[in-house]
Amino acid sequence: MEDHVQPLLSIDNLHVDFGGVEAVRDLSLTLERGQTLGVVGESGSGKSASWLAALGLIGTQASCYGSVRLHGMEILNADKRVLTQVRGRRIAIVFQDPTSALNPLRSIGWQIKEALRLHRGLSGRPLQQETERLLTRVGIADAARRKNALPHEMSGGQNQRVMIAMALAGEPEILVADEPTTALDSTIQAQILDLLRDIQRETGMALVLISHDLAVVSEVCDQVAVMYAGQIIESAPTAQLFAKPLHPYTKGLLAAQPTLDGPARPMRPIRGTTPRPDEMPSGCSFAPRCDLMITPCRRPQTLRHVAPSRSVACVRVEMEG
Amino acid sequence: MLRCVNLSLSYRIPGPFWRKSTRVFAVNDVSITLPPRQTLALVGESGSGKSTTGRLLLGLETPDAGYVMLNGTRLPKPGTRRWQKLRKRLQLVYQSPLAALDARMKISDAVREPLAIHNIGTPQERALKVGAALEAVGLTLEQSSRYPHELSGGQVQRAVLARAMVTEPEVMVCDEPMSALDVSVQAQVMNTLLEMQKRMRMAILFISHDLRLVRQIAHEVAVMYLGRIVEQGPTELVLHRPLHPYTRALVSAVPVIGARGQQRIVLAGDPPDPSRPPNGCPFHPRCSLAVDRCRVDRPALRTSAEGQSVACHVAEIGAEASR
């Protein structure tokens, strides 16, 4: 019964620590069924680290604190047995570089079959049929023949399609795509984004799209979380975020972004650079680069709700209402 | 002014012993003019030959056919003394800033090095030039006494720009100079580059796959596909009124903020294998407008009255420029 009120996935106060250096600080968010969440941030913002940590994929050098619950079940630092049930089956992940994520010595069909056997226990004819169906679904023509190809015989875009097919093999409730198009050409990027969007609509799974490109997430996601220096500093429905960004960093990011549409305008840089994780300012992490800094900014800022589905970590926004 | 005429470069790829080797054209019959103070952007997918064109222009590769002229004289063979003398006037900036600098050399020494190599100025004059270059890219004295790994990516890329500008080059080839940088830092480096160009009458060849950045800096855009230029013209025309179906697809593929679910021209398939280029128009297998003629007859560049050139049988260019 409780299942109806519980979010699909909830992350509470997640911290990821690499030997005293915090890569992710106090991150909380919820993901509902069928939601598409974009996570944007620059390099080192913790956008990938937070999701790798949530799925237990971050390695042993990192310590993770807090809580990550799938349907109320704790999965952070969970037993390998529990994680094996979750990963691939209920939460699947697609990485940036498909060619290094695939086994170079096995055909793409073999690799998809492996996932189908493992997650869905298929064998025999149904296994063959489902493999070909998945390959066709992700846009690989002539699947019956192409499933025998090795990864190096495919292009980067096709290999990313294979990765998506493998991710879909477990019929996951959540697909986490970590910079899935960054290594691809722009025309191929457009194809893969369209594919992710279509598949998400068709299957109703939740999609988490991690990207450094605001425009990429804006085309696919309902909700966007902006990360800076290990924290979510603003989260809002996509249209609202771009129509009226609240956090000075989000505003700065939008002003720095070159555009193809609209009148040409100079790119306005954000002065300074992202703080290094070992030299994090004690207060608001963006304060040293912020033109609106005031005394209260010397205290750490946390994410606060300002409207339905909107939250922001900025004392100025709170003061000005 | 740098100009190249009908440049081609091919590589031989040896096949298995029972088959003849194949010839792969990286650059095919490319002509480009780079006037002072102008920026020409070369765009296209990976493997389209844009980086190789940049290297040919600097004389870092020797073309099979065609030639490069700098201010009316042919560029000498690379490696020769005459070529080395010219090199200070032609500089290259590429994608990975850390790989471009010696990890064991302080930033200020790395910026000074080209002056020593080309024997420019007395030690005092060199110090002045280095100081001016570092100031122009916005690096402090303290930052320039550090080693590359001690600076952020944006700072290192600005140091690379300082090193490239210290010899006051006439031409700078920037090969994906922004792709390793974060958005908030890209704008800093981009503005630095624009500032340098204004100050030094420098011509820039800006090689990039990012049309949004290209729009910010380029006066002209040339679109490459399989080693050939398929469209070229003033930036606003090429990006906002593209004529070639390939350029249209490239423009349409650019993600736009707030354009959810927009219709775009999605290109079928991947870029073709350069070792087996299609007959006729190289783009026809992916083109939705292809007609019979496109499969047999390769279109030549036609130029419109507004100075936009396109190599396509189907594109309507209005009144053609008289030659």
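Residues numbered from 1 in each chain as written. Chains lettered and ligands numbered in written order. Predicted model: local features only at pLDDT ≥ 70, side-chain atom pairs only at ≥ 80, totals over all residues. Heavy atoms only, no water.

J.: Teacher, can you tell me more about the overall build of chain B here?
T.: Each helix and strand counted, chain B has twelve helices and twelve strands in total. The dimensions of chain B, computed from C-alpha atoms along their principal axes, are 65 × 50 × 45 Å. Taking all 323 residues of chain B together, 53% fall into the buried category. At a minimum sequence separation of 6, the contacts of chain B that also span at least 24 residues come to 61%. When the accessible area of chain B is evaluated, it comes to approximately 15,000 Å², of which 51% is carbon and sulfur surface. For chain B, the separation between the mean place of its 41 positive charges and that of its 28 negative charges on side chains is 5 Å. (Helix = DSSP H or I, 4+ residues; strand = E, 2+ residues; numbered from the N terminus. Buried < 20%, exposed > 50% of the residue type's maximum accessible area, 1.4 Å probe, protein only. Contact = heavy atoms within 4.5 Å. Areas by Shrake-Rupley, 256 points an atom, 1.4 Å probe, with all protein chains shown as cover. Lys, Arg positive; Asp, Glu negative; His and termini not counted. Charge placed at Lys NZ, Arg CZ, Asp CG, Glu CD.)

J.: Sorry, what's going on with the sheet that holds strand β12 (residues 309-310) of chain B here?
T.: Strand pairing in a sheet relies on backbone hydrogen bonds. The paired strands run either parallel or antiparallel. Residue and element names in this part refer to chain B. Ordered in space as β6-β7-β8-β3-β9-β10-β12-β11, the eight strands form an open sheet in which the pairing is mixed. Looking at the sheet topology across the chains shown, the edges are occupied by β6 (90-94) and β11 (302-303). Taken together, the five bridges between β6 and strand β7 (residues 171-175) define a ladder with parallel strand orientation. Each residue of the ladder has a partner; that of Gln91, found in β7, is Met172. Along the sheet, helix α1 (residues 50-57) contacts β3 (39-43), β7, β8 (203-207) and β9 (220-225); its crossing angle with β8, the most-contacted strand, is approximately 155 degrees. Packed onto the sheet, helix α7 (residues 153-165) meets β6 and β7 and runs at close to 170 degrees relative to β6. (Pairing = 2+ DSSP bridges. Axes fitted to C-alpha atoms, helices over the stretch in contact; angles between N-to-C directions.)

J.: Would you mind showing me how to read the confidence of the model for chain B here?
T.: Do not read the fine detail of predicted coordinates wherever pLDDT is low. Counting all residues, the mean pLDDT for chain B is 89, and 98% of those residues have values of 70 or more. Two numbers describe this predicted complex: its pTM, 0.89, and its ipTM, 0.86. (pLDDT = per-residue confidence, 0-100.)

J.: Hey, could you run me through the environment of Thr247 of chain B in this one?
T.: All names here are of chain B. Along the chain, Thr247 falls in helix α11 (residues 245-252). Classification of Thr247 by relative accessible area gives buried; the value is 2%. Sequence separation between Thr247 and Met224 is 23 residues, and the spatial gap between their C-alpha atoms is 9.2 Å.

J.: Honestly, the interface of chain A and chain B in this entry has me stumped. Any pointers?
T.: Accessible area lost upon the coming together of the parts serves often as the stated size of an interface. In this complex, chain A contributes 47 residues to the contact, which on the side of chain B involves 41 residues. For the pair chain A and chain B, the two sides together bury roughly 3,600 Å², of which 51% comes from carbon and sulfur. Of all residues in chain A, the largest losses of buried area upon contact with chain B belong to Glu219, Leu260 and Met267 of chain A, amounting jointly to 21% of the total for that side. Measuring nitrogen to oxygen at the nearest pair gives 2.6 Å for the salt bridge that ties Arg212 of chain B to Asp213 of chain A. Looking at the side of chain A that touches chain B, the elements with two or more residues in it are α8 (186-203), α9 (214-220) and α11 (248-256) of chain A. The residue makeup of the side of chain A that touches chain B, split by class, is 19 nonpolar, 14 polar and 14 charged. (Buried area = accessible area lost by both parts, 1.4 Å probe. Salt bridge = Lys/Arg side-chain N within 4 Å of Asp/Glu carboxyl O. Nonpolar A, V, L, I, M, F, W, Y, C, P; charged D, E, K, R; others polar.)

J.: Please clarify how the packing of aromatic side chains should be interpreted in this entry.
T.: One pair of aromatic rings is described through two measures. These are the centre distance and the angle between the planes. Residues and elements named next belong to chain A. Within the structure shown, the criterion is met by six aromatic pairs over all chains. Seen from their ring centres, Tyr228 and Tyr249 are 4.4 Å apart, and the 50 degrees between their planes marks the pair as tilted. With Tyr228 in strand β9 (residues 223-228) and Tyr249 in helix α11, this residue pair connects regions lying 21 residues apart in the sequence. With respect to class, Tyr228 is no different from Tyr249; both count as buried. In this structure, Arg106 is placed above the aromatic ring of Trp110, and the distance from its NZ or CZ to the ring centre is 4.1 Å. (Phe/Tyr/Trp six-rings, centres within 6.5 Å; stacked < 30°, edge-to-face > 60°. Lys NZ or Arg CZ within 6 Å of the ring centre and 35° of its normal.)

J.: What is the right way to look at the packing of α7 of chain B against helix α8 (residues 183-200) of chain B in this model?
T.: Describing two packed helices takes the angle between their axes plus the distance from one axis to the other. All names here are of chain B. Orientation of α7 relative to α8, taken along the N-to-C sense of each, is 15 degrees, at an axis distance of 9 Å. Looking at the two axes, α7 sits roughly parallel to α8. Read as a crossing pair, α7 and α8 show a hand that is right-handed. Across the interface between the two elements, Gly154, Gln157, Arg158, Leu161 and Met165 of α7 pack against Val185, Gln188, Val189, Thr192, Leu193, Met196 and Met200 of α8. In terms of residue class, the contact of α7 with α8 is built from seven nonpolar, four polar and one charged. (Parallel < 35°, antiparallel > 145°, perpendicular 65-115°, else oblique. Left-handed = near helix turned anticlockwise from the far one by under 90°.)

J.: Any chance you could explain the side chain of Gln160 of chain A here in plain terms?
T.: All names here are of chain A. Inspection of the secondary structure assignment puts Gln160 in helix α7 (residues 156-169). Of the polar contacts made by the side chain of Gln160, one reaches the backbone oxygen of Phe95; its length is 3.0 Å. Only 2.8 Å separates the side chain of Gln160 from the backbone oxygen of Pro180, close enough to count as a polar contact. Discounting chain neighbours no more than four positions away, the residues touching Gln160 are Val94, Phe95, Gln96, Pro98, Pro180, Leu184 and Ile192. (Polar contact = N/O pair within 3.5 Å; in protein donor to acceptor, adjacent residues only side chain to side chain.)

J.: Sorry if this is basic, but what is going on with the sheet that holds strand β12 (residues 310-312) of chain A here?
T.: Residue and element names in this part refer to chain A. If you walk across this open sheet you meet the eight strands as β6-β7-β8-β3-β9-β10-β12-β11, and the pairing is mixed. Every other strand in the sheet has two partners, leaving β6 (91-94) and β11 (304-307) as the edge strands with one partner each. Strand-to-strand twist of the sheet, defined as the mean angle between neighbouring strand axes without regard to direction, takes the value 25 degrees. Relative to strand β10 (residues 231-237), β9 runs antiparallel, the two sharing six bridges. Note on β10: the bridge partner recorded for Gln223 is Pro237. Contacting β3 (36-40), β6, β7 (174-178), β8 (206-211) and β9, helix α1 (residues 47-54) runs over the sheet at an angle of about 140 degrees to β8. Contacts from α8 reach β3, β7 and β8 within the one sheet, and its direction differs from that of β8 by about 160 degrees.

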